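In case you want the letters, here they are:
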Amino acid sequence: MEILTNPQNHSIVFSIASLLLICVTFIIHISEENYYNKQRSVFGGIIGVAFMINIMGLLHNIFLSVGPVERFIGYDENKYIVIAEKIFTYILPYFSIKYVMSIFKIEPSKSFRKILLLLPMLYSVFFFITGVFYDYFFYFSPEGELEYNYYQGATVNFPVILYFIFAFYLLVRYSRTLSSEKAIAIWIYFFLMLAGIPIRILTKSSSIFEFSVSIVLLICVYTFQNPSEYMDRDSGAGTRNALSFAISTNLIQKKEFTLLGIHIDRYSSLLGEPGMETGSDLLVQISQYLQQFCQAGNLFFLETGDYIMLFPNVAPDETIIQKTEEQIRKRFRDNWNVKGKNLRLFETPFALGFPEEIDSLERFAEVKGVLDKTLLKQSREIIRVSDLNMKIVEHDKKIDNIVKHALEDGLLEVFYQPIYEPKTGRFTSCEALLRLKDPQLGFISPAIFMPIAERNGTILDIDRFVLSSVCEMLSTTPARDLGLEYAEVNLSVVDCIQANLSDNVQATMKKYQINPSELNFEITETYEQGITAVMNENIEKLSDIGITFSMDDFGTGYSNLARIATLPVKFFKLDKSIIQAAFDSEISYMVMLNLIKIIKSLKKEIVAEGVETGEQARQIIKLGCDHIQGFFYARPLPKDKFIEFLRDHNG
Ligand code: C2E
Ligand code: CA
Ligand code: CA
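What counts and how
Residues numbered from 1 in each chain as written. Chains lettered and ligands numbered in written order. Predicted model: local features only at pLDDT ≥ 70, side-chain atom pairs only at ≥ 80, totals over all residues. Heavy atoms only, no water. Helix = DSSP H or I, 4+ residues; strand = E, 2+ residues; numbered from the N terminus. Buried < 20%, exposed > 50% of the residue type's maximum accessible area, 1.4 Å probe, protein only. Contact = heavy atoms within 4.5 Å. Areas by Shrake-Rupley, 256 points an atom, 1.4 Å probe, with all protein chains shown as cover. pLDDT = per-residue confidence, 0-100. Donors = N, O, S within 2.8 Å, 3.2 Å for Na, K, Ca; no water. Patch = residues over 30% accessible without salt bridge, like charges linked within 9 Å, V, L, I, M, F, W, Y side chains within 5 Å. Salt bridge = Lys/Arg side-chain N within 4 Å of Asp/Glu carboxyl O. Near = heavy atom within 4 Å. Polar contact = N/O pair within 3.5 Å; in protein donor to acceptor, adjacent residues only side chain to side chain. Axes fitted to C-alpha atoms, helices over the stretch in contact; angles between N-to-C directions. Parallel < 35°, antiparallel > 145°, perpendicular 65-115°, else oblique. Left-handed = near helix turned anticlockwise from the far one by under 90°. Nonpolar A, V, L, I, M, F, W, Y, C, P; charged D, E, K, R; others polar. Lys, Arg positive; Asp, Glu negative; His and termini not counted. Core = buried A, V, L, I, M, F, W, Y, C linked by side-chain atoms within 4.5 Å. Charge placed at Lys NZ, Arg CZ, Asp CG, Glu CD. Pairing = 2+ DSSP bridges. Phe/Tyr/Trp six-rings, centres within 6.5 Å; stacked < 30°, edge-to-face > 60°. Expected span 1.5 Å × (residues − 1).

Glancing now at the overall build of the protein. When helices and strands are counted, the protein shows 25 helices and 19 strands. Burial statistics for the protein: of 651 residues in total, 49% are counted as buried. Summarising the internal contacts of the protein: among those between residues at least 6 apart in sequence, 69% fall at separations of at least 24. In the form shown here, the protein has an accessible surface area of approximately 31,700 Å², with 58% of it arising from carbon and sulfur atoms.

Here it is in structure tokens:
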């Protein structure tokens, strides 16, 4: 006890604190089960070495503080303790390099490279141990300190410096593939290890160094060794982050590789049925099956299972990839048994070649975007990048640029499509539809540019533009006097999740003195699937002030009717695809009929969209639809034409 309370002995306290930290790190390290890889085992090695350094440091500090306590630690024992401590210190840089390499998945594949890596450490250790017998570059002072012959000492430390240079090179080259917090952690690791040399020389003690090693390991265990952001806990498969990381490190190393992918069609809608729990069960099964085709850590799930990707355990060899693919496909022809239920999954395989087809993460994102679109059409054949219509990418990029500048450049204009009300025989409402006209590309459909605007973030400004245009139209034209009761405005999901949506809407309404009853917002079924608290709140707030809502594109999604029915929505818009199909086949007609029945039983008003012929209009009116929109009555019209239209038909 006296040893600990004596202020002279702070280095002992230091050593103990440092040891405790190592123990904490060790406990955290082993508590991560269900996952094994190289990086983890190397990290285990580092902890072991750091632990030994600390133990030796502690014993040495005890020797120094208490003086040569002959029976406890004698002069000779201490000599070996110090030597052991030094040797472990030389082993540490070697493990550090291995660790950095495993983080970046660099394999010194050839055995001569492995030896090259080992050599500096072996040199130091060997040189140091031989010194025990010859005393030629160090000796022990009576205090038990190691005294160096500096020229010789430098020789021993030379390999350590080599490791540092190598580590520096690796970090400069690869750390940009890391997230910022990880990059900071690894650089701190590097500099604290590096600082070890001057600190030891200046303080003539290793305690501070040992303490920094412990802290650095604790930082690492929380950043690099914290697998949750890189790994799905249940299945052990990598996440999107892990895949991006793996791709970028492989690309930097100029490796040639193929990424094998499986898209499980309609996976998320499938999950809706047996419940989420079953979902992870299923993923565990699938990953267990697929694990045989790749090395540990080379299997990834994206979008919670819609996409499964793996780096097959082979060089990019065409025939082997084909074979792997066939095997996987064969398995998918059978059912998967989840909690007693038999599920049949429909998969679409694809193979992406790096780097000849895809040479950057950006390009990967582009290809994946096109894949998403292609997969909608479903293919039974293995898809290659060459099959994808990369023209879509080029086109998307161009439009992305146009959309970004459309507002400033004045390329946007709101059109209005009149909506007919059979009950009064007048056009009592309209839908605001956006038009983009590019001087070169001409007219671009909102169906194309709106999704792009949602992705590049311009959607909020665009929707605000639409809303103020609509309000301006209502307040500056005679539309109201001509019988227009309200205008329908499309609201994107991105709007719905903005906390200040209702404030913005109210501010615009106030500016143009618009009544809430003159506005109606259209939301879609996709909205219903990803509903969040903010969305609910927005709808409630806007409903409370008297704005009504429509459920747009009704009948096209896979939504839960019971849930939709609880939304405060006044209108259901039957999608044009439903209406048009209804006049092509009898079954589709029945579908439409029943959808109409459902909407009526929910006591909602029906808006039929896409009515193109007089015959369709007659039928639809007979079935009791409350509002009708379609080319039969009018196309979307520019503001002036729209007012003219109202004057001609409502006046
Ligand atoms: P939507 O909300 O379903 O809009 C109705 C679409 O049906 C419009 O296409 C309209 O021109 C078209 N349509 C109307 N009557 C007929 C018909 O009789 N036959 C056929 N074949 N089509 C008809 P548009 O204008 O190309 O808009 C496409 C989509 O773009 C809209 O689908 C909507 O989702 C989105 N969109 C358009 N304007 C805006 C906007 O201001 N904001 C937002 N967030 N989305 C918009
Ligand atoms: Ca709409
Ligand atoms: Ca629609």
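Structure's up, so let's keep going.
So, about the confidence of the model for the protein. Scored by pLDDT, the protein has a mean of 82; 84% of the residues are at 70 or more. Averaged pLDDT values over the elements of the protein bottom out at 55 in helix 19 (residues 525-529) and peak at 97 in strand 18 (residues 627-629).

Asp552 (OD), Asp553 (OD), Glu609 (OE) and Glu609 (OE) make up the full set of protein donors to the calcium ion (ligand 3), lying at 2.1 to 2.8 Å. Counting the intervening residues between successive donors of the calcium ion (ligand 3) yields the motif D-D-x55-E. A gap of 4.4 Å separates the calcium ion (ligand 3) and the calcium ion (ligand 2), which Asp552 links by coordinating each metal. Taken together, the residues span a long stretch of sequence, with Asp552 in strand 15 (residues 548-554) and Glu609 in the loop between strand 17 (605-608) and helix 24 (614-622) at a distance of 57 residues.

Before going further, it helps to examine a nonpolar patch on the surface. A surface patch of nonpolar side chains, about 300 Å² in accessible area, is lined by Phe26, Ile27 and Ile30. Its place among the elements puts Phe26 in helix 2 (residues 10-31).

A separate point is the site of ligand 1. Every one of the 24 residues lining ligand 1 counts as a neighbour, but Arg435, Asp552, Lys576, Glu612 and Phe631 are closest to it. Within the side chain of Asp463, a nitrogen or oxygen atom sits 3.3 Å from a nitrogen atom of ligand 1. Between ligand 1 and the protein, one listed contact pairs an oxygen atom with a side-chain N or O atom of Asp553 at 3.2 Å. Taking 790 Å² as the accessible area of ligand 1 by itself, protein coverage stands at 85%. Every element with two or more residues in the shell around ligand 1 is listed here: strand 11 (426-438), helix 15 (446-456), helix 16 (459-476), strand 15 and helix 22 (576-582). Ranked by the residues each element gives to the shell around ligand 1, the list is headed by strand 11, at four residues.

Running from amino to carboxyl end, helix 3 (residues 38-66) crosses helix 4 (residues 75-103) at an angle of 160°, the nearest separation of the two axes being 8 Å. What the angle tells us is that helix 3 and helix 4 run roughly antiparallel. Between helix 3 and helix 4 lies a crossing of left-handed hand. For the contact of helix 3 with helix 4, the per-class residue count stands at 19 nonpolar, eight polar and three charged.

Structurally, Asp575 is set in the loop between strand 16 (571-574) and helix 22. Lacking a salt bridge, the buried Asp575 has Lys576 as its closest oppositely charged neighbour, with an N-O distance of 4.9 Å. Contacts of Asp575, omitting those with residues within four sequence positions, involve Asp553, Phe554, Thr556 and Glu609.

One finds Leu436, Phe449, Val470, Leu519, Phe521, Leu574 and Phe642 to be the most contacted residues of the largest nonpolar core, which totals 76 residues. With nine residues, the top contributor of residues to this core is helix 16. When residues no more than four places from it in sequence are discounted, the contact partners of Phe521 are Leu467, Val489, Leu491, Val505, Leu542, Ile547, Thr548, Phe549 and Ser550.

To continue, consider the pattern of salt bridges. For the coordinates displayed, the defined rule picks out 10 salt bridges. Across the pair Glu615 and Arg618 runs a salt bridge whose closest N-O atoms are separated by 3.1 Å. Taken as a pair, Glu615 and Arg618 lie in helix 24 at a separation of three residues, close to a single helical turn. The class of Glu615 is partly exposed, set by a relative accessible area of 41%.

At the metal site, the calcium ion (ligand 2) is ligated by Glu431 (OE), Asn490 (OD1), Glu522 (OE) and Asp552 (OD), and these contacts range over 2.1 to 2.3 Å. Written as a sequence motif, the donor arrangement for the calcium ion (ligand 2) is E-x58-N-x31-E-x29-D.

Glancing now at a negative patch on the surface. A contiguous patch of negative charge, built from Glu413, Asp640, Glu644 and Asp648, is present on the exposed surface. Among the elements that make up the negative patch, the one with the highest residue count is helix 25 (residues 639-650) (three residues).

Attention now moves to the pairing of strand 8 (residues 347-354). Of all eight residues in strand 8, eight are buried, a share of seventy percent or more. A two-sided burial pattern is seen for strand 8, the buried positions comprising Glu347, Pro349, Ala351 and Gly353 on one face and Thr348, Phe350, Leu352 and Phe354 on the other. As defined by bridge partners, strand 3 (residues 257-264) adjoins strand 8 across eight bridges and the pair is classed as antiparallel. Bridge pairing in strand 8 places Ile264 opposite Glu347.

What follows is about the packing of aromatic side chains. Scanning the entire structure with this criterion turns up 32 aromatic pairs. Centre to centre, the rings of Trp187 and Phe190 are 5.8 Å apart; their planes meet at 85°, and the pair counts as edge-to-face. In this pair, Trp187 and Phe190 are both assigned in helix 7 (residues 180-203), three residues apart and thus about one turn of the helix distant. By relative accessible area, Phe190 is classed as buried at 6%. Pairing Phe427 with Phe645 gives two aromatic rings, centres 4.9 Å apart and planes at 80°, and the pair type is edge-to-face. Highlighted residues: Phe427 in strand 11 and Phe645 in helix 25, separated in sequence by 218 residues.

Compared with the 24 Å implied by 1.5 Å per residue over 17 residues, the 25 Å span of helix 8 (residues 207-223) between its first and last C-alpha is a close match. Along helix 8, the positions that sit buried rather than exposed are Ser207, Phe209, Glu210, Ser212, Val213, Ser214, Val216, Leu217, Cys220, Val221 and Thr223. In the core, the buried residues of helix 8 are packed alongside helix 2, helix 3, helix 4 and helix 7.

The next thing to look at is the packing of helix 4 against helix 8. Taken N-terminus to C-terminus, the directions of helix 4 and helix 8 make an angle of 25°; their axes are 13 Å apart at the nearest point. With respect to helix 8, the element helix 4 is oriented roughly parallel. Between helix 4 and helix 8 lies a crossing whose hand is left-handed. Between helix 4 and helix 8, the residues in contact are Glu85, Thr89, Leu92 and Tyr99 and Phe209, Glu210, Val213 and Cys220, respectively.

With that settled, consider the environment of Ile578. Counting through the fold element by element, Ile578 comes out in helix 22. Separated by 23 residues in sequence, Ile578 and Gly555 place their C-alpha atoms 6.9 Å apart.

Attention now moves to unusual backbone geometry. The amide bond that connects Phe354 to the next residue, Pro355, takes the cis arrangement and shows omega of -10°. Note on placement: Pro355 falls in the loop between strand 8 and helix 13 (361-376). The backbone phi angle of Gln513 is positive, close to 55°, even though this residue is not glycine. The class for Gln513 is exposed, based on a relative accessible area of 66%. A positive phi angle is found at Lys603, which is not glycine, with a value near 60°. Locating Lys603 in the fold gives a position in the loop between helix 23 (586-601) and strand 17.

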